[in-house]
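Coordinates in review
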Amino acid sequence: MKPLFTIKAGGPTSWAVRVVCAAALVYVLLWIPTSGSNSLIDTATTALTLMGAALSLNLLLGFTGQISLGHSAFFGIGAYTTAVCVTRWGWSPLKTLPIAFAVAFVVGALVSLPALRIKGVYLALVTLTLGVVFPQFIKWPKIEWLTGGSRGLTDTGFKFDKNNRTFELFGWNPWGNLRGENVKPFYFWIAVVIVLIIYLICRGLVKSRVGRSLVAIRDNSTAAAVMGVNLALTKGLVFGLSAAMCALPGSLTAMKGTVTPDTALLTVIGSITFLIVMVVGGAGTLWGPIIGAIVYQFITEKTGDWVEPDKIPSLLRPFFSWSKTPPAAGIFGLSLVVLMFVAPLGLAGFWKQVVGRVVAVVPKPAGSTTLEPTAPSDGIPTWQPEEPLAEQ
Amino acid sequence: MTSQTTLLNTRFLTAGYGPVTVLHGIDIEVNEGEIVVVLGANGAGKTTLMRAISGTIPRTGNIEFEGRSIKKDSTDAIVRAGIVQVPQGRGTFPELSVADNLLAGAYVRRDGAKAVADDIAKWYSVFPRLQERSTQRAGSLSGGEQQMLAIARALMSRPKLLLCDEPSMGLAPLITRELFNVIGQLNKEEGLSVLLVEQNANLAMHIASRVYLLETGVIVASGSAAELSADDSIRKAYLGF
Amino acid sequence: MELFLQRLVDGLSEGSVYALIALGIVIIYRGTGHLNFAQGEMALFSTFVVYQFGEWGIPIGIAVIMGMAVGFTLGAVTEVAIVRPISKKSPFAVFIVTIGLFQLLNWVDGAIWGGQQLPNTGVGSKQVRFPSLFPNNPTDFVTIFGANIKIQSLGVIALVGVLTVALFAIFNHTRLGLAMRAVAANGESAKLVGIRTGRVLMASWGLAAAIGALGGVVFAGISTNVNLGLMFTVFIYASAAATLGGFDSPGGAVVGGLSIGLIQNMAAGYAPKWVGQEMKVGVAFLVILGVLLFRPSGLFGTSRVERV
Ligand SMILES: Nc1ncnc2c1ncn2[C@@H]1O[C@H](COP(=O)(O)OP(=O)(O)OP(=O)(O)O)[C@@H](O)[C@H]1O
Ligand SMILES: [Mg+2]
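Rules behind the numbers
Residues numbered from 1 in each chain as written. Chains lettered and ligands numbered in written order. Predicted model: local features only at pLDDT ≥ 70, side-chain atom pairs only at ≥ 80, totals over all residues. Heavy atoms only, no water. Disulfide = S-S within 2.5 Å. Buried < 20%, exposed > 50% of the residue type's maximum accessible area, 1.4 Å probe, protein only. Salt bridge = Lys/Arg side-chain N within 4 Å of Asp/Glu carboxyl O. Helix = DSSP H or I, 4+ residues; strand = E, 2+ residues; numbered from the N terminus. Pairing = 2+ DSSP bridges. Domains from an automatic or database assignment. Contact = heavy atoms within 4.5 Å. Buried area = accessible area lost by both parts, 1.4 Å probe. Polar contact = N/O pair within 3.5 Å; in protein donor to acceptor, adjacent residues only side chain to side chain. Nonpolar A, V, L, I, M, F, W, Y, C, P; charged D, E, K, R; others polar. Near = heavy atom within 4 Å. Areas by Shrake-Rupley, 256 points an atom, 1.4 Å probe, with all protein chains shown as cover.

Brief notes about the state of the cysteines
Residues and elements named next belong to chain A.
- Taken as a whole and judged by the stated rule, the model has 0 disulfides over all chains.
- With no disulfide of its own, Cys202 lies closest to Cys246 among cysteine sulfurs, the gap being 11 Å.
- For Cys202, a relative accessible area of 3% gives the class buried.

Here it is in structure tokens:
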């Protein structure tokens, strides 16, 4: 089928589309914190938190083809680094972000050491156990003095009081009121900045030459070895970077005030959540985790009270009223299965297909080398084949 | 030749891998009691032909075995019907013992443990080296021994037609000759029909009743061994003298 | 001495459950090369089904057999309808699908029988009084060398022992077992000797899920608290067991499972105080990491598993 429209990449139409999209994005970003709805701001902040974590996970998958079920641990490392620095040493929470980044980087690189020897499913297994061990480790009596054991730590965030300055532009204060009255927008903006940083790192890597050669390595490690790329070092660095980025949204959760080892996102549930967000949105695509996080958070919140039948929209009631728990977990479990059949690249891939039916983007004419028509990370990562299996 | 009954015959057989078509309409025939040799260069599609016949890859066209179309049959049904393939590169079960490999070869048989045990004993007597190593893992055998095991395993199902994919690959000339002797004997004494794929044309020609030449998925010539070696260009290309 | 005996029995009974789940993991891995992350959750589902049968008044022995049949069906259908078509795409897709099943099955358990939506939270989970296969009153114990050993534990060890022997008899002396071993060794050749590899794989997944069902019921019996996280921890230990024994070695899975159960219980008793109960799961982590670093094929696996 021929698309209805064609757009030249870099041409005026393409720029117009970009400008409109950017304007819409800025509008939404300004509208959320000033909407005055605390629940909306909370939802958005949580979605951004998941976004950051899923983007980090996606970087690892996209570049090395490796899967981690232990990113909740790195998320938790971020949370606890901030919490400990703030409560024990009285640091300002924002200053703990680089520390969290560094600590998670080191741990991530260390964990990736076995990853240099093992592949695919085994790495998933090692990281899965890491995710399981982390909360238990936090509760370990030997380090309770530092982590607060299973009770966790409190007062791990900002101190808001009457003396705080608060920023105002003609009576309009998008940061919220930092005198302790309405601080939610403030967290929202931190989340936005964190996601932006992570996104830019991912995007920068994907579009860079380094990134493209990384993808080449992923797809063919023998070729990489021939090219003289230090495979082990590269994988270690990517793993470390991914872990480090995942620690940032973790830090943010601590900045909100309390951390306990049983917080869902700090346990394996967190790892699985990040994975769901990534896959639903589109694993291996740049925008996947962003779309995924929004959809995930939206559905989770919407269906949160569906245990009571009268809260379910009447059309859907017959399907969900029997369930004793909210259906979100089931919906996403099923989505993972179904998506692998119908849209392995998730919603982002699906969206691309749909748009591709209508609009075709023509790459710049040959000769200009700045833009490659297909982003290298836009493909489902291929794991190195496990076994020459019977199937053909 | 027309007096013989046709065992296998393919009409416009095409097959390939995914979007790639490798075989472009193959017509071959194997009559009862014949050893038919298919010669062809690397990548000509010999292995693909074997796979198409034994049904491990999708195929179109027609394949008849004993007058019945086996085009729609699955691999296991084809094995039951009496066609068994010795895959290129042996394809034994490396983790299983030699004895278990032979037992697995008799998987489709339903005539009882006694008959199977008798057959195992028979093939041990043909290949005494296998008997010496009967409890050893197949993966630990030498290349030649594995090739013997692969053939013995295939014969365990009591096939009517044996498909042999480059049995000489990687074997010392002496061993190869030994193997070909065994195949020739089986053919003579038990009336086993064989479709044999070879690169080692000289050896194969000796035992061949008829020969096909396969080039990039097409049969380019066929005839008796004598006829083909009489043709100069063919002799130069495939026999190297 | 008494304490030692008790720990020995506890370790063996827990370990035998790990062994069962690990056997399931290994059976599936050998056949298809996939690690089924939903292994534990399939077992949990069947366990709840058995509980339901019990609630309906079906005698426990029959309920268990029916539960195993349900498990078999679940595993077989999963292989045929989901894993087989997906595995043509990529191993990554299979991995995601098993995670999806993990999540889905756990949710289904919660949705039908109540409780938390994901494992490992434990809070507020419904406490279920499980029908026990063996006498399980506080007075049901035997005294051996002064140690009070629960009949329940001995029963579990005996039952799992018998099942394991039966499984190995199937592996080594039946047509199905030969077919399973052949498919594991070389799928392509298995087809060429006339084995219906599809059916064998289906049967493997079914068998793995069925013995998992038994493992689940047995573990529910020896656990103080049955919640939605029950089989997740077992799965972790079972994976450690399979790694230790070698992913493609059924015998290794049994040895691995028993060892992990023993290490755990002995460590709880004899490790220095500072280690503490919290780090119990650390055993699994260290075992997996250690094995993969120093002997990737495990104790009994073939080097096929090792890939650098
Ligand atoms: N599994 C496969 N997937 C895709 N293409 C294949 C596959 N196997 C073979 N081919 C292609 O089919 C063609 C024929 O291969 P085939 O193995 O039949 O050749 P052959 O005649 O047996 O060669 P050789 O003498 O080297 O064994 C080749 O071009 C090969 O690249
Ligand atoms: Mg070949």
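Side note on the pattern of salt bridges
Residue and element names in this part refer to chain B.
- Taken as a whole, this structure holds 22 salt bridges over all chains when the rule is applied.
- Notably, a salt bridge pairs Asp111 with Arg158, separated by 3.8 Å at the nearest N-O pair. Of this pair, Asp111 sits in the loop between helix 3 (98-105) and helix 4 (112-126) while Arg158 sits in the loop between helix 6 (143-155) and strand 7 (161-165), and the two are 47 residues apart along the sequence.
- By relative accessible area, Asp111 is classed as partly exposed at 38%.
- With its nearest N and O atoms 2.9 Å apart, the salt bridge here joins Lys114 to Asp118. Highlighted residues: Lys114 and Asp118, both in helix 4, separated by 4 residues, approximately one helical turn.
- Using a relative accessible area of 60% as the deciding quantity, one classes Lys114 as exposed.
- The class for Asp118 is partly exposed, based on a relative accessible area of 40%.
- Where salt bridges share partners, they join Arg109, Asp111, Asp119 and Arg158 into one cluster.

Section: the pairing of strand 3 (residues 35-40) of chain B
Residues and elements named next belong to chain B.
- Of all the 6 residues making up strand 3, 6 are buried; the element is thus mostly covered by neighbouring parts of the structure.
- Across the two faces of strand 3 the burial is the same, with Ile35, Val37 and Leu39 and Val36, Val38 and Gly40 all buried.
- As paired elements, strand 3 and strand 9 (residues 210-215) share 5 bridges and run parallel to each other. Each residue of the ladder has a partner; that of Val38, found in strand 9, is Tyr212.

Some remarks on the domain arrangement of chain B
All names here are of chain B.
- In terms of domains, chain B is made up of domain 1 (6-82 + 159-239) and domain 2 (96-158).
- Of note, the centres of domain 1 and domain 2, computed from C-alpha atoms alone, are 23 Å apart.
- On the side of domain 2, 15 residues touch domain 1, which itself brings 17 residues to the contact.
- When the two sides are added together, the surface that domain 1 and domain 2 hide from each other amounts to roughly 1300 Å², 73% of it contributed by carbon and sulfur.
- Contact with domain 2 buries area across many residues of domain 1, yet Arg80, Pro159 and Leu179 alone supply 34% of it, more than any other trio.
- Between the two partners, domain 1 and domain 2, sit 2 salt bridges.
- One salt bridge in this structure joins Glu178 and Arg129, with 4.0 Å as the shortest N-O distance.

Comments concerning the interface of chain B and chain C
- Of the residues lining the interface, 25 residues belong to chain B; the matching set on chain C comes to 19 residues.
- Summed over both partners, the interface of chain B with chain C comes to about 1900 Å²; 60% of that surface belongs to carbon and sulfur atoms.
- On the chain B side of the contact with chain C, B:Phe93, B:Glu95 and B:Tyr107 bury the most area, a combined 34% of that side's loss.
- The tally of links between chain B and chain C comes to 2 salt bridges.
- Linking C:Arg181 and B:Asp100 is a salt bridge whose minimum nitrogen-to-oxygen distance equals 2.8 Å.
- Scanning the region where chain B abuts chain C turns up 6 residue pairs in polar contact (both at pLDDT 80 or more).
- Only helix 1 (46-54), helix 2 (75-81), strand 6 (83-86) and helix 3 of chain B provide two or more residues apiece to the side of chain B that touches chain C.
- Of the residues that constitute the side of chain B that touches chain C, the class distribution is 10 nonpolar, 7 polar and 8 charged.

What about the site of ligand 1?
Residues and elements named next belong to chain B.
- In the vicinity of ligand 1 lie 14 residues, with Gly43, Lys46, Thr47, Thr48 and Gln199 positioned nearest.
- At 2.9 Å from an oxygen atom of ligand 1 is found a side-chain nitrogen or oxygen belonging to Gln88.
- About the coverage of ligand 1: the protein hides 61% of its 630 Å² of free accessible area.
- Here the shell around ligand 1 is built from residues that sort into 4 nonpolar, 7 polar and 3 charged.

Describing the sheet that holds strand 5 (residues 68-69) of chain B
Residues and elements named next belong to chain B.
- In space, the 4 strands of this open sheet follow the order 2-1-4-5, with antiparallel pairing throughout. With partners counted over all chains shown, the strands left at the sheet margins are strand 2 (20-31) and strand 5, one partner each.
- Alignment of strand 1 (residues 6-17) against strand 4 (residues 59-65), held across 6 bridges, turns out to be antiparallel. Residue pairing in the sheet places Ala15 in a bridge with Arg59 of strand 4.

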